[in-house]
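The residues making up each chain are set out below.
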Amino acid sequence: MNNDRTRTSPGRQSDPRRRARRPVPRAGLLGAEPELITHHAHNGTEPDEPPTVPIVRPRAGQPPRRPRPLTAQDLRRRRWRRIRRISYVVAGLFFAVPAVAFAITYFAVDVPSPETVAQAQGQAVTYLYSDGTEMGKDVPTGGNRQILSPNQIPDVVKKAVIATEDASFETNSGFDVGGILRAAYNQVTGGSGGGSTISQQYIKNSSGDDDPTLTRKWLELAKSFKMNQTYDKADIITAYLNIIYFGRGAYGIQAAAQAYFGKDVGQLDYSQAALLAGLIQQPGRSENQAVATSRWTTALDRMLKNGYLTPAQRASAKFPTPIPLRESKQAGALNPFLKKQVKAELAAQGIDEKQYYSGGFQVFTTIDSQAQQAAEKAVAEGMTDQTDDRILSAMVAVDPKTGGVLAYYGGDPIVKGPNGEDQAGRDWADEPHNPGSSMKPFDLAAFLKLGRGLDARFDGTSPRTFPDVPQPVRNAGDSSSCSQQCTVAEAMQRSTNTVFYDMVLNVTKPSGVAEAAREAGIRTTENGGRSKLFTGDNNISLGGGDTEVTTADMASGYATFAAGGVQRDRHFVQKVTNANGETAYEAKIGSTDAFADNDAQKSAQIAGNVTAALAPVIPFSRLSCPAGHECAGKTGTQQHTPQNDEPPSAANANSQTWMVGYTPSVSAAVWVGSDGDKALRAPGGGPLFGSTLAGPIWDRFMQLYLGGRPAERFNRVAAISSPQDRVQVQDPPDGDQQQQQFQQQQQQNSVQFGDGGNRQQQQQQLDQLEQFRQFQQRLQELQNQQNQQRGRRRP
């Protein structure tokens, strides 16, 4: 029997290369196994923590070994190995990842061409009159931009802009690392100056996105870099000059050359080119002489530094004075006040600034070209002889049948500043002023709403004192005073202050007047307007104190009387069509019964009684209606409050004058006054009155606009009367007596103003007076019928 312990499978030869396992005694195996650390009792000599170097299991049959302890050099190597690995990760995050992201962004973005930019941002908005004829174009965002080719822009212009805006333009790749670092430093230290290259400015202006976000800046850098990889430098500077804004509403270098110097860009010299290049940084301050000169100097210095000018050219350069803003082709192309009103109206309807300039819109306005011309001519003629340069004027005409604005004149759009420089004027038609006595028709409307009538009587003497009123109330003069039994109708004709002050103080209350005015269409600051109706005292009754109304609101308020008590919102736009001729917006004309909720008849009766009271005011104020047209209206005057440093004559001066009147087809308001409370003087040194300046302007407008048009008459309504008003209105004088009174008045007028042999005009006024007499007679007949009916119903 073989005692060899080595066995092989049957038929299998033993492999001589295979090492035979050395037999290990069982006891040796147990003795060779290391004890676990938990088998040891802690004797206080061993560390609490496990060893730094782990115990490696030895080979079988060998005693346990510990690895060599780490030296300080080993620890340093291990630490630096970790640092290198972290550095690789950081480098990947700061360089590799942004590079990959930039590459992805590079292929994802597109660089807009100047033609695309012009189409997206510079489509002119065409304004049309109500008859469809063109009024003008609004082109402040690039519609006046003319796309030029590189050879159409002279090198002197390109070099001026490159030197001023981006000196490294010829060599950079779309962005300047040094410029970016300088901009970052300036941001941190509070300095000034940016780091944008010409390419970056082009991208920013073409996109219209100027948000200070990292995303926007990242895309701007990618697009700038791609632009420089796609286009030649000559094309890039040309694209930039075709879209950049230079001020004066000029987008693009060609428009700027015309706006500032009245010439094509090819005719600019190096001094003019330097001024335009300098204004790119501050286009909004182009009319500031100090700023413009400073920017021109900076541009020339940088041109010299870059070798684009010789020292002799720099030394001989003279500031190129631009043409006056008034003469600039960008000024006065479209009435800026009208444009402001239209844009505000469209914005309220959802067509905001961005949409406004990108739709190729045509705006069909409500402005009547004949009415607009008549308004401007009437104001110009009326203001010709005025010597007080503080006198300002405004006029607005509204169609009572639609609420559409027929004419809008807010003053001169370009005025002289304190140093003689041109600057933008203020829209005086949209500025609130004390309305004076032109507020009295709203007093009357509030009175009529209470059921009281024109036959009500008040004490019209002057002066009168009232409880808790510190100063006595006075009438404007003897012609404005009335008896102690003065009817409301006569008080309106004479504009008797004491009557209307009494009426509001003791009957309607100031809140009632404010309510009637708002119902008629006065837009106050509480409902999005500019006017103020103050009810904290009784000054609203005479249109003074803190009560202020705009010219536009007065035209709209009186238009409600002309429309028979139907209030229609004032608006400037009929409809808007886009570039495809599709209707983008159309005005919806809403109407309400102004003075009586859901009672059209009562509202019409109130308005008709107001008209009956205002009709005699026209001849009393020495004004006239166009031939064949009935009209009504009211003048207004606000007295100046004298200051301590003014002469005694200032106590008799006036600061605001008005005339507001209407026919069935047009309501027009004329304001002639001052910016604030100033003592205005007529050419002869006397005070201004509504009947002497604002009134004749209104009269002239009505004659120009309505002359030759079909005759118009107001609707007749029943007189409103109350049992409280027991005394009836006196019968109007017969025709002969009234004509005799009128002829006597004309003789007095001819002595004061000169007759001039205008007998045809006198005859027209006599005809109008006859119409007023018939109107009053018919009103009296209707009132008598009402009294008879009430008498029959009495038991």
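Summary of the structure given here. Each chain carries its own residue numbering, running from 1 in the written order of its sequence. The predicted origin of the model limits local features to residues at a pLDDT of at least 70 and limits the giving and counting of side-chain atom pairs to 80 or more, whereas totals for whole chains, interfaces and linings rest on all residues. Computation of side-chain values: all heavy atoms of the structure, hydrogens and water removed.

Below, the discussion takes up the packing of aromatic side chains. What counts as a ring pair is set by centres within 6.5 Å for rings of Phe, Tyr and Trp (its six-membered ring), and what kind of pair is set by the plane angle: stacked under 30 degrees, edge-to-face over 60, tilted for all other angles. One pass over the full model with this rule turns up 13 aromatic pairs. A centroid spacing of 5.5 Å and a plane angle of 90° characterise the contact between Trp296 and Phe319, whose relative ring orientation is edge-to-face. On the criterion of sequence distance, the pair formed by Trp296 in helix α11 (residues 289–305) and Phe319 in the loop between α12 (311–316) and α13 (336–348) is long-range, its members being 23 residues apart. For Phe319, a relative accessible area of 23% translates into the label partly exposed. When the ring of Tyr408 is compared with that of Phe572, the centres are 5.3 Å apart and the planes differ by 75°; the resulting orientation is edge-to-face. Linking Tyr408 in strand β7 (residues 405–409) with Phe572 in the loop between β12 (566–568) and β13 (573–577), this pair joins segments that are 164 residues apart in sequence. The buried label goes to any residue with under 20% of its type's maximum accessible area, the exposed label to any with over 50%, and the partly exposed label to all in between, with areas taken from a 1.4 Å probe on protein chains only. Relative accessible area serves as the criterion here: at 4%, Phe572 is assigned to the buried category. Working definition: helices are DSSP H or I runs of at least four residues, strands are E runs of at least two. Numbering for both runs from the N terminus.

Right, let's get into the state of the cysteines. Such a bond, covalent and formed between the sulfur atoms of two cysteines, is termed a disulfide. Criterion for a disulfide: a pair of cysteine sulfur atoms at a distance within 2.5 Å. Under the definition given, this model contains two disulfides. Each sulfur of the disulfide joining Cys482 and Cys486 lies 2.2 Å from the other. Residues Cys482 and Cys486 are joined through a disulfide that is right-handed, its torsion about the S-S bond being 90°. Taking the relative accessible area as the measure of exposure, Cys482 reaches 12% and is therefore buried. Judged by its relative accessible area of 0%, Cys486 falls in the buried class. In this model, Cys625 is linked to Cys631 through a disulfide, with the two sulfur atoms separated by 1.5 Å. Between Cys625 and Cys631, the disulfide has an S-S torsion of -75° and is therefore left-handed.

Within the secondary structure, Ser393 is located in strand β6 (residues 392–398). Accessibility expressed as a relative area gives 8% for Ser393, which makes it buried. Residue contacts are counted whenever heavy atoms from the two residues lie within 4.5 Å of one another. For Ser393, the residues in contact, after removing those within four places along its chain, are Val379, Met383, Tyr409, Gly410, Gly411, Trp428, Trp671 and Val672.

What follows concerns the pairing of strand β1 (residues 125–128). The alternating pattern of β1 places Val125 and Tyr127 and Thr126 and Leu128 on opposite faces, both of which are buried. When DSSP finds two or more bridges between two strands, those strands count as paired. Summarising the sheet, β1 and strand β2 (residues 134–138) pair through four bridges and their orientation is antiparallel. Bridge pairing in β2 links Tyr127 to Gly136. From the end of β1 to the start of β2, which pair antiparallel, there are five residues, and Gly132 there has a positive phi angle of about 95°. In this sheet, strand β5 (residues 362–365) lies alongside β1 in parallel orientation, the contact comprising three bridges. Residue pairing for β5: Tyr127 is matched across the bridge by Val363.

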